[in-house]
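Survey of secondary and tertiary structure
For reference, the chains in residue letters:
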Amino acid sequence: LVIIIVNTVLTFFCFFFFFLLEIEYPPSIRDSLSSAANKFQSTVQQCTASSQNLLAVHLAKSSKDDLAVSLLKSASSSGSPHALYNLALFHEVGRGVPKDLTKAGQFYQRAAEKGHLKATYNLAVCHLDGTCVKRDVRKGIMLLTMAAGQGLPQAQRELGLAYFHGNHVPRNQSRAVELLSAAATQQDSVAQYRLGLCYLDGESVPQDTQKGVDLLWKSAKSRHLPALYDLGVCLEEGAYGKTILLNCNFNLKTTLVGISTSDLSVFVRKSLEFKFEHFFPKENEYP
């Protein structure tokens, strides 16, 4: 309701501006009014598109996908990068529209061109794994580097892991630690976990047990299952000093609430594989 009221008020003022233009003015005043009216009209269109995108996200969360898609299409016609990104997500999974990876790639491209960081990141992943667009590793790394350089933690983490493993880029441990640290500072749980392992084992950084354990605890607080598992093993076996682990002021049982036994067992079995195998996950949250 608030969105509708705001859009109505803005539309009224837009018509008011154009009404003023119908009055005879000296050329200089008329030019100024015309410029102001055009800027105001552009602002109204942007506000309307943003409102439509927000309403679409709300509808999508209520499983009203058809209405959400209709609003997103309207918002995207005004060039809303958020709406373009969300349309890409909908087409990629076939939600509210037939699944169409080609269209998803096109929407990611358009949103990325307008500076949407998550779209840039997802487009990078598409180029790296060959989904939605033709596989182009060079372009994928370029886009990933771009998103990481603008501070997107997911991109910083994935580029850091790529440098760590030498995956699509030359192996560079110092650059990997730099990127993982930047992502961990932004509370990225995967980066915290991987960086914590580095400090615990003295891999690519000077060994610092306390810092390593602290990072694992932070990751576990975000319910990152591999971190939970490794901390459980550490506590069980007394690794890295049980006193340090127990003094971290954290309740492991509380964090485990809501995590199914099957999920936990899968991560327990695959824990070692997780440390050495790497994939590029996409970002799929609505802005």
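These lines cover the structure that appears in this document, whether it is placed above or below. Everything quoted here is computed from the prediction, not taken from an experiment. (Residues numbered from 1 in each chain as written. Predicted model: local features only at pLDDT ≥ 70, side-chain atom pairs only at ≥ 80, totals over all residues. Heavy atoms only, no water.)

On to the nonpolar core, then. Counting residues in hydrophobic clusters, the biggest one holds 54 residues, and the most contacted among them are F90, Y108, L144, A155 and L195. Setting aside chain neighbours within four positions, we find A155 in contact with Y121, L144, A147 and A148. Grouped together as the second largest cluster of nonpolar side chains are 11 residues, L216, A220, L228 and L231 included. (Core = buried A, V, L, I, M, F, W, Y, C linked by side-chain atoms within 4.5 Å. Buried < 20%, exposed > 50% of the residue type's maximum accessible area, 1.4 Å probe, protein only. Contact = heavy atoms within 4.5 Å.)

Summed over all chains, the structure comprises 5 salt bridges. Between E178 and R175 there is a salt bridge, and its shortest N-O distance comes to 3.2 Å. Taken together, the residues span about one helical turn, with E178 and R175 both in helix α9 (residues 173–185) at a distance of 3 residues. Residue E178 is classed as partly exposed on the basis of its relative accessible area of 48%. On the accessibility criterion, R175 (26% relative accessible area) is partly exposed. The salt bridge involving E203 is made with R194; its shortest N-O contact spans 3.9 Å. (Salt bridge = Lys/Arg side-chain N within 4 Å of Asp/Glu carboxyl O. Helix = DSSP H or I, 4+ residues; strand = E, 2+ residues; numbered from the N terminus.)

Evaluation of the coordinates by the stated rule reveals 1 aromatic pair. With centroids separated by 6.2 Å and ring planes inclined at 50 degrees, the aromatic side chains of Y85 and Y108 adopt a geometry described as tilted. Taken together, the residues Y85 in helix α4 (residues 81–93) and Y108 in helix α5 (residues 101–113) connect sequence positions 23 residues apart. Comparing Y85 with Y108, the two get one shared label, buried. The ring of F164 is capped by R171, whose NZ or CZ atom sits 6.0 Å from the centre of that ring. (Phe/Tyr/Trp six-rings, centres within 6.5 Å; stacked < 30°, edge-to-face > 60°. Lys NZ or Arg CZ within 6 Å of the ring centre and 35° of its normal.)

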